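Report on the structure
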Amino acid sequence: MTTDETLGPPSGRLVRVGRARIVVHPRTALVTGAVIAVALAAAILAMTIGTMALSPVEVARALFGGGEAAAQQVVQAVRLPRALTALFAGAALGVSGAVFQSVSRNALGSPEIIGFTTGAATGAIAQIVLFQGDGVRIAIGALAGGVATAVVVYLLSMRGRTTGGYQLILTGIGVGAILQAVNEFLLVSGGIDQAVQANVWLAGSLYLRGWEHVATVGIACAVVIPVVGALARRATLMEMGDDVARQLGVRTERTRLALIFAAVLLAAAATAACGPIAFVALAAPQLISRLTGSRSMPVVGAAAMGAVLLVVADVAAQALPFDAVVPIGRVTGVIGGLYLIWLLTRKDTVRV
Amino acid sequence: MTVALTGDDLTLAYDSRTISASLDVEIPHGEVTVIVGPNGCGKSTLLRALSRLIAPQRGRVLLDGDDIRRMGGKQFARRLALLPQSSQAPSGISVGDLVARGRYPHQRMLQQWSADDEGAVRRAMAATDVEGLADRGVEELSGGQRQRVWIAMLLAQDAPVMLLDEPTTFLDVAHQLDVLDLVARLNRDEGRTLVLVLHDLNQAARFADHLVVMRDGAIAARGRPSEILTEQLLADVFALDARVIPDPVFGTPLVVPIASRKELRDHDA
């Protein structure tokens, strides 16, 4: 791998890997690397917390099969799957948000706003309240609800043969509002036990996540994020308007459909694993773009930032000095919201 | 006259609303063609059909004899570039980065930049005189500068045929001339084929080698401005009472509008 100092687009460097010539933006690469490091460090930190307090060194030792047997057992069977679920779900949500924001050309584009999360909740609550389902069936209900909502919103926002960004958001808000009402109706119409169970699911949780959750969301990340990465340049060009992108040779409607499909899969996998997690999808792409200063759709960066947000929220949820289990979905809302407000108000130092 | 672009028996429509029916048009190679016509006469629709942004319901468009529907997306983009009426600069993007995006049709996923890209971007920025702005944000620029930057992006695309949809709208008259002078230079120095939609008849008359006058989705007249821009044509197409005199500076036809026919009628009544 060599860097060509003389050649490169205005804000990038040309890196040769074999015969490939890839454009790398130094600041983006640096920031993304740092955020990945923070995500991993936070995951280690998260694994130190619990009834059996461990030091980071003990956690590391347990991960590689050393240290005490009890520590090994706790870390490998309980804390590692929980941390990995958080990392992968955060990454999936971050990339999902980046795609929705790019496609809708709007900083408010996210699975929540598009109605996806509400639809997933409808599926899950219906499973709980109407069919007394649990576990896998709730996850499947959430998946089906979310995907069905996304399909409906996409079809409703089509005008002629194209979908505009604003239509997507407005349709999503409308459909989301209807589903929200349906959700509340389902909650009051079911028995009290089901209502409680549904509310627990609605709060979003990383409690008792096992390797099956890691697999669900980890495989989704491994398969879908590279696809999004391959489409990222086209998505970035489409932010200049469909006409400009099309005249540059981008098949916009096909690309948009593929991107939305990928983003819905990612959000669905994360929601199936942890329940609805607020704000990570909305905040992660915004935060990473402000840190890198890049105007391209972030993929790896959004994944890393999403992972950081979710793992930090998990640490905070466990470390809070309350005598109650604070659901992760609530914590992400508070942390992400505060950080975003703080960044938005710092207009003098950050270009908005 | 060699022909760069041919519209052959085009029927153009949005959903069920037909804009043009059985339209034939030829864009001469290596010349500046200007399309004029009243609002809603189908100028932009024609431009969008020529650049494949809309598919004709009937007929076909040939670029140097090749049916444009049979070309790949990037392949077509390397041969024909379009500046749409509205384009949106992503917030915070620098001039240099925006111009570099014009190179997309020449790049592949694992071949993202080359010496050709570098050279084309540098030439495009020099030709449009935006080199000094390379690191500035596009949003900070004036309307005239911004339009030059978009044209630079189009130039970096390096297509021999360039279509510009109302490139002077929203610019003051000095910046309008800037853009039109640039267009004339691109044609003269680099031999590019240019097609512009303009509103100002006098600018059209001065800068066009080939003028296409449209009305109600059809072509009312085409040819050298000095040969076709007559008082009768203005009355027929624009419902305009006007005198056409030779421009004292350039010798091209100069339209002096006197009154809109419609207003005259209203006045009499």
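Residues numbered from 1 in each chain as written. Chains lettered and ligands numbered in written order. Predicted model: local features only at pLDDT ≥ 70, side-chain atom pairs only at ≥ 80, totals over all residues.

This part is about the sheet that holds strand E3 (residues 32–36) of chain B. All names here are of chain B. Read from one edge to the other, the open sheet built from six strands follows the order E6-E7-E8-E3-E9-E10, with strand pairing classed as mixed. One side of each edge strand has no neighbouring strand; the edge strands of this open sheet are strand E6 (80–83) and strand E10 (218–223). Looking at each pair of strands side by side, their axes are set apart by 15° on average, direction ignored. In the sheet, strand E9 (residues 210–215) pairs with E10 via five bridges, with the strands oriented antiparallel. The residue bridging Met214 from the neighbouring strand is Ile219, located in E10. (Pairing = 2+ DSSP bridges. Helix = DSSP H or I, 4+ residues; strand = E, 2+ residues; numbered from the N terminus. Axes fitted to C-alpha atoms, helices over the stretch in contact; angles between N-to-C directions.)

Before going further, it helps to examine the packing of helix H11 (residues 280–292) of chain A against helix H12 (residues 300–319) of chain A. Residues and elements named next belong to chain A. Interaxial distance between H11 and H12 falls to 8 Å at its minimum, and their mutual angle equals 120°. Relative to H12, the element H11 lies oblique. Remark: the crossing between H11 and H12 carries right-handed chirality. Mapping the contact onto sequence places Val280, Ala283, Ala284, Pro285, Leu287, Ile288 and Thr292 in H11 and Gly301, Ala302, Met305, Gly306, Leu309 and Leu310 in H12. Among the residues forming the contact of H11 with H12, the class breakdown is 10 nonpolar, three polar and no charged. (Parallel < 35°, antiparallel > 145°, perpendicular 65-115°, else oblique. Left-handed = near helix turned anticlockwise from the far one by under 90°. Contact = placed C-beta atoms within 7 Å. Nonpolar A, V, L, I, M, F, W, Y, C, P; charged D, E, K, R; others polar.)

Before going further, it helps to spend a moment on the interface of chain A and chain B. Counting residues at the interface gives 26 residues for chain A and 33 residues for chain B. Elements with a minimum of two residues in the side of chain A that touches chain B: strand E3 (20–24), helix H8 (211–238) and helix H9 (242–247) of chain A. Counted by class, the side of chain A that touches chain B contains 13 nonpolar, six polar and seven charged residues.

Before going further, it helps to spend a moment on the sheet that holds strand E5 (residues 66–67) of chain B. Residue and element names in this part refer to chain B. Sheet architecture is open: four strands sit in the order E2-E1-E4-E5, paired in antiparallel fashion. Since the sheet does not close on itself, it has two edges, and those belong to strand E2 (17–28) and E5, each with one partner. Inspection of the sheet shows strand E1 (residues 3–14) paired to E2 by eight bridges, in the antiparallel sense. Pairing of Tyr14 across the sheet is with Arg17, part of E2. The strands touched by helix H1 (residues 43–50) within the sheet are E1, E2 and strand E4 (58–63), with E1 carrying the most contacts at an inclination of about 115°.

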